[in-house]
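# Descriptive structure summary
Here are the chains, one letter per residue:
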Amino acid sequence: MKLPDKIYNALKWLCIIVSPALATLITGLGLLYGFPTELIVGTITLVTAFIGTVIGVSSVNYNKENEGE
């Protein structure tokens, strides 16, 4: 599987910037307002790991196809 550049870049941005920031925000708000955050943050972390794997596989496939250039 090789993702188009636009999708790859959007998923990478989501995985590297947005997801960790969102998990941190939710954890902080949970501490301030006293609500449990484990399920929400756990879900975000699992989705982030999945996206990271998908973009990693795409990157490996892209590099294999372009080795000879």
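Described in the following lines is the structure provided in the data block. (Residues numbered from 1 in each chain as written. Predicted model: local features only at pLDDT ≥ 70, side-chain atom pairs only at ≥ 80, totals over all residues. Heavy atoms only, no water.)

Tallying secondary structure elements over the chain gives two helices and zero strands in all. Against the compact-globule benchmark of 11 Å for 69 residues, the chain has a radius of gyration of 16 Å, which places it well outside the compact range. Burial analysis of the chain (69 residues in total) assigns 20% to the buried set. Pairs at least 24 residues apart make up 62% of the contacts formed inside the chain by residues separated by at least 6 positions. Put simply, the chain shows about 5,200 Å² of open surface, and 70% of that area lies on carbon and sulfur atoms. Charged side chains in the chain number 4 positive and 5 negative. The centres of these two groups are separated by 4 Å. (Helix = DSSP H or I, 4+ residues; strand = E, 2+ residues; numbered from the N terminus. Rg over C-alpha atoms; globule rule 2.2 N^0.38 Å. Buried < 20%, exposed > 50% of the residue type's maximum accessible area, 1.4 Å probe, protein only. Contact = heavy atoms within 4.5 Å. Areas by Shrake-Rupley, 256 points an atom, 1.4 Å probe, with all protein chains shown as cover. Lys, Arg positive; Asp, Glu negative; His and termini not counted. Charge placed at Lys NZ, Arg CZ, Asp CG, Glu CD.)

Right, let's get into the nonpolar core. If you look at the biggest cluster of nonpolar residues, it comprises five residues: L3, C15, I51, V54 and I55. Broken down by element, the residue count for this core peaks at three residues, all from helix α2 (residues 38-65). With residues up to four places along the chain from it excluded, the contact list for C15 reads P20, T48, I51, G52 and I55. (Core = buried A, V, L, I, M, F, W, Y, C linked by side-chain atoms within 4.5 Å.)

Attention now moves to α2. Across its 28 residues, α2 extends 41 Å between first and last C-alpha, which sits within 8% of the 40 Å expected from 1.5 Å per residue. Of all the positions in α2, only V41, I44, T48, I51, V54, I55 and S58 are classed as buried. Where α2 is buried, its residues contact α1 (5-33). (Expected span 1.5 Å × (residues − 1).)

Once that is clear, we can look at the side chain of T48. Considering the arrangement of structural elements, one finds T48 in helix α2. A distance of 3.1 Å separates the side chain of T48 from the side chain of S19, its partner in a polar contact. The contact partners of T48, leaving out residues within four places of it in the chain, are C15 and S19. (Polar contact = N/O pair within 3.5 Å; in protein donor to acceptor, adjacent residues only side chain to side chain.)

By themselves, these are just geometric observations and shouldn't be taken as functional.
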